[in-house]
Amino acid sequence: LDSLLDPRAFSGHGAIVMRADQLILWDAGTQSFLNLALHVDGTNKAWKLFDRFEEEGYGYTNPVLPSGSALWFRSSTTDVGKVSVSGEVVMDAAVTNAIRPGLQLLSNPFSDEVRLGDLSIHVNATAHRFNVNVADQIVLWDAGTQSFLTLVLNVSGTNKAWKLFDGFEVEGVGYTNPVIRPGQGFWFRARNAFDWVETNKYVDGLE
C-alpha cells in the first residue's frame, strides 16, 4: 500500500481516529473490508487499523494490494487536496512475448480486464479445425465454476476462436470467450514458437 499511496501525502492524527484520513479496502484473505486510518507519531506517518488506532504500538499495517484492487478514501478535512498515485505503468505502444513450444504461464501484459478473444495471442498461434492434439491450448481458472477450463484454438476458414477441449470436434459447439481478470495468469501449451504481440490500449491516455 505504501508504495502506491505515500502516507506523507495524506492528513493524519496522533490520537483521534476521526481526525485522520481513512482508507477502506477489500481484504481477499479474510474476505472482509479493511478499515485503515493514518496515524502520526512525530514525523512518521503510517496506516493503522481503524479499531486499534488508539492502542500504543499496535495495528500498523502495510497490506499488499492485488492487481485490480479498488479502495475508498475518506478525507478528514474539507480542504481541497491532491494525492499522487505512483506505480509501474507499461509505456510501450506494444509488448512482445516470445512463446516457445511447450507449457508456459502467461498473463495479459496490461492491467485491465479483457476477454480472451480480444487478446491477440491467437493471431500467430497454431490452430486446427478437427484435431485437438495439434492445436495450441489454454488452461484458465474459471471463478464461477471453481474449476479449470481447457480451451483449444479452433480455425474455420480465416477465423480463429477458442473452443472447449471436450467439445472441440463437435461442429458449431463449445466456442467460448471467457474474461481474463487483471493479474490473472493462464497456462498456454504451444505447438510451435511464435511472437505474441499485444497492443497497449492505454498509452494515448497516459501523461
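The sections below set out a description of the structure shown in this document. Position numbers for residues start from 1 in each chain and track the written sequence from start to end. In keeping with the predicted nature of the model, local features appear solely for residues at pLDDT of at least 70, side-chain atom pairs appear and are counted solely at 80 or more, and the whole-chain, interface and lining totals rest on all residues. Computation of side-chain values covers all heavy atoms of the structure but excludes hydrogens and water.

**Quick notes on the environment of proline 109**
- Looking at the secondary structure, you find proline 109 in the loop between β6 (102-107) and β7 (114-115).
- Burial here depends on accessible area, computed with a 1.4 Å probe over protein chains only, as a share of the maximum for the residue type. Under 20% is buried, over 50% is exposed, and the range in between is partly exposed. A relative accessible area of 22% places proline 109 in the partly exposed class.
- When the C-alpha positions of proline 109 and alanine 94 are compared, they lie 9.5 Å apart, and in sequence the two are 15 residues distant.
- By definition, residues are in contact when any of their heavy atoms lie within 4.5 Å. Apart from residues lying up to four places away in sequence, proline 109 is in contact with Val90, Val95, Asn97, Trp196 and Glu198. Here a helix means four or more residues in a row that DSSP labels H or I, a strand means two or more in a row labelled E, and each is numbered from the N terminus.

**Looking at unusual backbone geometry**
- For glutamine 146, which is not glycine, the phi dihedral falls at a positive 55°.
- Mapped onto the elements of the fold, glutamine 146 is located in the loop between β8 (137-142) and β9 (147-156).

**Topic: the packing of aromatic side chains**
- Two rings from Phe, Tyr or Trp (for Trp, the six-membered ring) form a pair when their centres sit within 6.5 Å of each other. Planes less than 30 degrees apart are called stacked, planes more than 60 degrees apart edge-to-face, and all others tilted. Counted according to the given criterion, the structure contains seven aromatic pairs.
- Arranged with centres 5.2 Å apart and planes meeting at 70°, the rings of phenylalanine 10 and tryptophan 47 form a pair that is edge-to-face. Of this pair, phenylalanine 10 sits in the segment before β1 (22-27) while tryptophan 47 sits in strand β3 (residues 44-49), and the two are 37 residues apart along the sequence. Tryptophan 47 shares its class with phenylalanine 10; the two are buried.
- What links up through ring pairs into an aromatic cluster is the set Phe10, Trp47 and Phe73.
- Cation placement over rings: the criterion is NZ of Lys or CZ of Arg within 6 Å of the ring centroid and within 35° of the ring normal. The ring of tyrosine 175 has lysine 163 sitting right over it, with the charged end atom 4.8 Å from the ring centre.

**Some thoughts on the pairing of strand β13 (residues 194-199)**
- With burial as the criterion, only one face of β13 is covered, namely that bearing Phe194, Trp196 and Glu198; the residues Asp195, Val197 and Thr199 on the opposite face remain uncovered.
- Where strand β5 (residues 94-99) lies against β13, six bridges are found, and the strand directions are antiparallel. Note on β13: the bridge partner recorded for threonine 96 is valine 197. Any two strands between which DSSP finds at least two bridges are classified as paired.

**Focus: the environment of leucine 65**
- Counting through the fold element by element, leucine 65 comes out in the loop between β3 and β4 (71-74).
- By relative accessible area, which is 22% here, leucine 65 ends up partly exposed.
- In contact with leucine 65, not counting residues within four places along its chain, are Leu1, Leu4, Leu25 and Leu71.

**Some points on the sheet that holds strand β2 (residues 32-41)**
- A sheet is described by the order of its strands in space; here four strands give the open sequence β3-β2-β1-β4, paired in antiparallel fashion. In the strand order of this sheet, the two ends are held by β3 and β4, each with one partner. Going across the sheet, the axis of each strand differs from the next one's by a mean of 25°, ignoring polarity.
- Across four bridges, β1 lies against β4 in antiparallel orientation. Its bridge partner lying in β4, leucine 23 is registered against phenylalanine 73. Note on geometry: axes are C-alpha line fits, over the in-contact stretch for helices, and angles between N-to-C directions span 0 to 180 degrees.

**Things to note about the pattern of salt bridges**
- The salt bridge criterion pairs a side-chain nitrogen of Lys or Arg with a carboxyl oxygen of Asp or Glu, the two atoms within 4 Å. With the rule as written, the count across this model stands at three salt bridges.
- Arginine 52 is paired through a salt bridge with glutamate 55; the nearest N and O atoms lie 2.9 Å apart.
- Of the residues examined, arginine 52 reaches a relative accessible area of 32% and is grouped as partly exposed.
- Linking arginine 129 and glutamate 171 is a salt bridge whose minimum nitrogen-to-oxygen distance equals 3.3 Å. Note that arginine 129 is positioned in the loop between β7 and β8 and glutamate 171 in the loop between β10 (159-164) and β11 (179-180), a separation of 42 residues in sequence.
- With relative accessibility at 55%, the residue glutamate 171 sits in the exposed group.

**A look at the side chain of glutamate 198**
- In this fold, glutamate 198 is placed in strand β13.
- For glutamate 198, a relative accessible area of 4% corresponds to the buried category.
- Here tryptophan 196 takes part through its side chain, which lies 2.7 Å from a polar atom of the side chain of glutamate 198.
- If we ignore the near neighbours within four places in the chain, the residues touching glutamate 198 are Ala94, Val95, Pro109, Phe110, Asp118, Leu119, Ser120 and Ile121. Nitrogen and oxygen atoms within 3.5 Å of one another constitute a polar contact, given that in protein one can donate a hydrogen and the other can accept it, and given that sequence-neighbouring residues count only through two side-chain atoms.

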